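# Per-entry structural report
Chain residues, written in single-letter form:
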Amino acid sequence: MFLLTKGDKYLIIIIIIISLISIIYVERDATSYNSKYISIQVNGKEYKKITFNPKMVGKTIPIKTKYGYNLIEIGDKKVRVIEADCPDKLDVKQGYISKPGETIVCLPNRLIIEIKGENGENEIDYLSY
């Protein structure tokens, strides 16, 4: 039989508290960005890079390639596909994305729209950890 002493219990509680504080700190630091931008890729290559600014709110950007047609709408620090010629329209149904790391994918048109963030220093890839 295994018995815990009072010191063991305190040690476990201290380790749990330190772990929670570390997780909160790393998550807060890794997800805070100085600026965000939209990366639009077609067939694996960057097609367009759009920075968020007040002038872009409400603008629509047509993307017409040999793979298909998509119409993108930029909102206040968010983006969505409002029109596509693909058969299933899953990219249109997805709605807005706004956080770094979120993506909209249209497989028939080989389109990927991703929100990316820049810190200006060495970035931690929080999603990989």
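Preceding this paragraph is the structure being described.
All of the points below concern the structure found in this document. Keep in mind the model is a prediction, meaning the values are calculated, not measured.

## Digging into the overall build of the chain
For the chain, the count of helices and strands is 2 helices and 7 strands. When its helices and strands are written in sequence order, the chain yields α-β-β-β-β-β-α-β-β. Each of the 129 residues in the chain was classed as buried or not, and the buried ones make up 26%. Counting only contacts in the chain whose residues sit at least 6 apart along the sequence, the fraction spanning at least 24 positions is 38%.

## Here we look at the side chain of glutamate 73
Turning to its location among the elements, glutamate 73 is positioned in strand 4 (residues 68-75). Among the residues examined, glutamate 73 registers a relative accessible area of 16% and is labelled buried. A distance of 2.6 Å separates the side chain of glutamate 73 from the side chain of arginine 80, its partner in a polar contact. A polar atom in the side chain of glutamate 73 sits 3.1 Å from the side chain of tyrosine 96. Setting aside residues up to four positions removed in sequence, glutamate 73 forms contacts with Lys59, Thr60, Lys78, Val79, Arg80, Ile82 and Tyr96.

## Describing the packing of aromatic side chains
Summed over all chains, the structure comprises 0 aromatic pairs. Lying across the ring of phenylalanine 52, lysine 36 places its NZ or CZ 5.7 Å from the centre.

## Focus: the sheet that holds strand 4
Taken in spatial order, the 3 strands make up an open sheet running 3-4-5, and their pairing is antiparallel. Where the open sheet ends on each side, the last strands, each with one partner, are strand 3 (60-65) and strand 5 (78-84). Here the strands of the sheet are splayed against their neighbours by 25 degrees on average, with no regard to which way each runs. As defined by bridge partners, strand 4 adjoins strand 5 across 6 bridges and the pair is classed as antiparallel. Pairing of leucine 71 across the sheet is with glutamate 83, part of strand 5.

Rules and cut-offs
- Residues numbered from 1 in each chain as written.
- Predicted model: local features only at pLDDT ≥ 70, side-chain atom pairs only at ≥ 80, totals over all residues.
- Heavy atoms only, no water.
- Helix = DSSP H or I, 4+ residues; strand = E, 2+ residues; numbered from the N terminus.
- Buried < 20%, exposed > 50% of the residue type's maximum accessible area, 1.4 Å probe, protein only.
- Contact = heavy atoms within 4.5 Å.
- Polar contact = N/O pair within 3.5 Å; in protein donor to acceptor, adjacent residues only side chain to side chain.
- Phe/Tyr/Trp six-rings, centres within 6.5 Å; stacked < 30°, edge-to-face > 60°.
- Lys NZ or Arg CZ within 6 Å of the ring centre and 35° of its normal.
- Pairing = 2+ DSSP bridges.
- Axes fitted to C-alpha atoms, helices over the stretch in contact; angles between N-to-C directions.

The analysis is restricted to geometry; functional conclusions fall outside its scope.
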